[in-house]
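Below are the chains, spelled out letter by letter.
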Amino acid sequence: MGGNDVGAGRALGIITLVVSAVLGSAYLLGRSLVPGPVRTDSAVTATGADHPEYADQSAPVDTEPRADTEPRADTSQPPPGGEPNGPEQDPSIGPMGTRVGTGTGGVALTFDDGPSPDYTPQVLAILREHHITATFCVVGENAEAYPWLIQQIVADGHTLCNHSWDHDVALGARSPEWIRTDLLRTSAAIRAAAPDAPISWYRQPGGAWTYSVVSVSRDLGMVPLHWTLDPSDWRAPGATRIATSVVDGVRPGSIVLLHDAGGDRQGTVNALYRILPELTSRYDIQALPQRGM
Ligand SMILES: [Zn+2]
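Keep in mind it's a predicted model, so treat the numbers as computed, not measured.

Rules of the game
Residues numbered from 1 in each chain as written. Predicted model: local features only at pLDDT ≥ 70, side-chain atom pairs only at ≥ 80, totals over all residues. Pairing = 2+ DSSP bridges. Helix = DSSP H or I, 4+ residues; strand = E, 2+ residues; numbered from the N terminus. Buried ≥ 20, exposed ≤ 12 C-beta atoms within 10 Å, placed from the backbone. Contact = placed C-beta atoms within 7 Å. pLDDT = per-residue confidence, 0-100. Core = buried A, V, L, I, M, F, W, Y, C linked by C-beta atoms within 7 Å. Arc of directions from axis to C-beta.

*Asks:* Explanation requested: the sheet that holds strand β1 (residues 108–112) in the structure shown.
*Replies:* Working definition: the strands of a sheet are paired by backbone hydrogen bonds and lie parallel or antiparallel to each other. Spatially, β5-β4-β3-β2-β1-β6 is the arrangement adopted by the 6 strands of the open sheet, whose pairing is parallel. Lying at the two open borders of the sheet, with one neighbouring strand each, are β5 (223–224) and β6 (255–259). Relative to β5, strand β4 (residues 199–202) is paired through 2 bridges, and the arrangement is parallel. Residue pairing for β5: Y202 is matched across the bridge by P224.

Take a look at the structure:
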């Protein structure tokens, strides 16, 4: 028995390492590269008077400062990939079963935190110009405030994704019933604007996934959607840096994280004028499937 236990422990250790290294790297990087203080500055400078500040690189669920661990072994989360998919693991599936790639050679652009009357119409116009569709991870209170933008997103053939009611980065740490209420309220606001549009995806604000939020979103028929490439456009580094990050970083199967709301997003909009010609010449750019995966 003792030998078996040691063997099982070693196997589990190896599996955990492999999953962490191969599947979890993008995920963990996305969580750990941006230190808290930067986000705080951004919140101060980028918040419009009438816009809540959203950012998908914001603090993880547990905001306690942790001085030592690097790379971040996020002990607030269960270990990633408890149940590997077998020897041939699907690289588009990340920690806790979140989606971290398109699963095809194609590239998916995702726009978070909207809709916003300032930026969403501009993004829609550019996408239309290039005859491509994208995925919009919308916040419930914004869907309620700007139903015509939800309708425009749907009319243009884009895919909708639930991004919680008010961008609660700590949502995953709340009770399953709380999470469920939040996600249902958000989907109801989207459906009030676009009754027939499928909402097959859920993206946790801040990428702060927990098993609870993954489980509830799945129960509600949504696939938990993370990302592959984060150019940190929410920090408003300017159009050139955003465009370079995307154009240089994108690979076949990438899911790209961008923002059309939650602060000054004109840099993101302007970056699209360079990103889209480059990417459409190299990749098939498409919204994630409306019915999930
Ligand atoms: Zn967000």
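*Asks:* Even after reading the chapter, I still don't get the environment of V214, so can you show me in this structure?
*Replies:* When you line up the elements, V214 lands in helix α8 (residues 211–219). Its 22 C-beta neighbours within 10 Å are what place V214 among the buried residues. For the pair V214 and I179, spaced 35 residues apart in the sequence, the C-alpha separation amounts to 10.0 Å. Beyond its immediate chain neighbours, meaning those up to four positions away, V214 contacts M96, G97, T98, W209 and P224.

*Asks:* Help me understand the environment of Y211, please; the structure alone is not making it clear to me.
*Replies:* Structurally, the position occupied by Y211 is in helix α8. Take Y211: there are 14 C-beta atoms within 10 Å of it, and that puts it in the partly exposed class. Along the chain, Y211 and G172 lie 39 residues apart, while their C-alpha atoms are 7.7 Å from each other.

*Asks:* Explain the confidence of the model for the protein to me, please; I cannot follow it from the model alone.
*Replies:* Atom-level detail of predicted coordinates should not be read off regions where pLDDT is low. The predicted model of the protein averages 80 in pLDDT, with 70% of residues at 70 or higher. In this model, residues 1–9 is a region of pLDDT below 50 whose contacts with residues beyond four sequence positions or in other chains number 0 contacts. Throughout residues 58–86 the model reports pLDDT below 50, and contacts reaching past four residues in sequence, or to other chains, amount to 44 contacts.

*Asks:* Sorry if this is basic, but what is going on with the nonpolar core here?
*Replies:* Considering soluble globular proteins, one finds that nonpolar side chains tend to be buried as a cluster. Residues F136, V138, I150, L160, I190 and V256 are the most contacted members of the largest nonpolar core, which totals 63 residues. With 6 residues, the single largest contributor to this core is helix α10 (residues 266–282). Apart from residues no more than four positions distant in its own chain, I150 is found in contact with P115, V138, A143, I190, A193 and A194.

*Asks:* I'm lost on unusual backbone geometry in this one. Help?
*Replies:* Note on backbone geometry: most residues besides glycine have negative phi, and most peptide bonds are trans. Here G114 and P115 are connected by a cis peptide whose omega angle stands at 0°. Relative to the elements of secondary structure, P115 occurs in the loop between β1 and α4 (120–129). Even without a glycine there, the phi angle at M96 is positive, about 60°. Secondary-structure assignment places M96 in the loop between α3 (36–46) and β1. Exposure remark for M96: the 23 C-beta atoms within 10 Å place this residue in the buried category. The backbone of S164 shows a phi angle near 75°, a positive value even though the residue is not glycine.

*Asks:* Would you explain helix α6 (residues 147–155) in this entry?
*Replies:* For the α-helix, the turn length of 3.6 residues means that residues three or four positions removed from each other point alike. Those residues of α6 that fall on the buried side of the exposure criterion are L149, I150, I153 and V154. Down the axis of α6, the buried side of the element spans an arc of 140°, and every buried residue falls inside it. Residues W148 and A155 are exposed on α6 and point more than 90 degrees away from its buried face. Buried residues belonging to α6 abut α4, β2 (135–138), α5 (140–145), β3 (159–162) and α7 (176–193). Downstream of α6 by a residue or two, G157 has a phi angle that is positive, lying close to 85°.

*Asks:* I keep staring at the pairing of β1 and nothing clicks. Help me out?
*Replies:* The side chains of a regular strand alternate between both faces of the sheet. Taking burial as the measure, the 5 residues of β1 include 5 buried ones, the bulk of the element. The alternating pattern of β1 places A108, T110 and D112 and L109 and F111 on opposite faces, both of which are buried. Here 5 bridges tie β1 to β6, and the two strands are oriented parallel to one another. For D112, the partnering residue across the bridge sits in β6 and is H259.

*Asks:* Whenever I open this one, α8 confuses me. Can you help?
*Replies:* Every buried residue of α8 is accounted for by V213, V214, V216 and S217. Check the buried side of α8 and you find it contacts α7, β4 and β5. Looking one or two places after α8, you find G221, whose phi comes out positive at around 85°.

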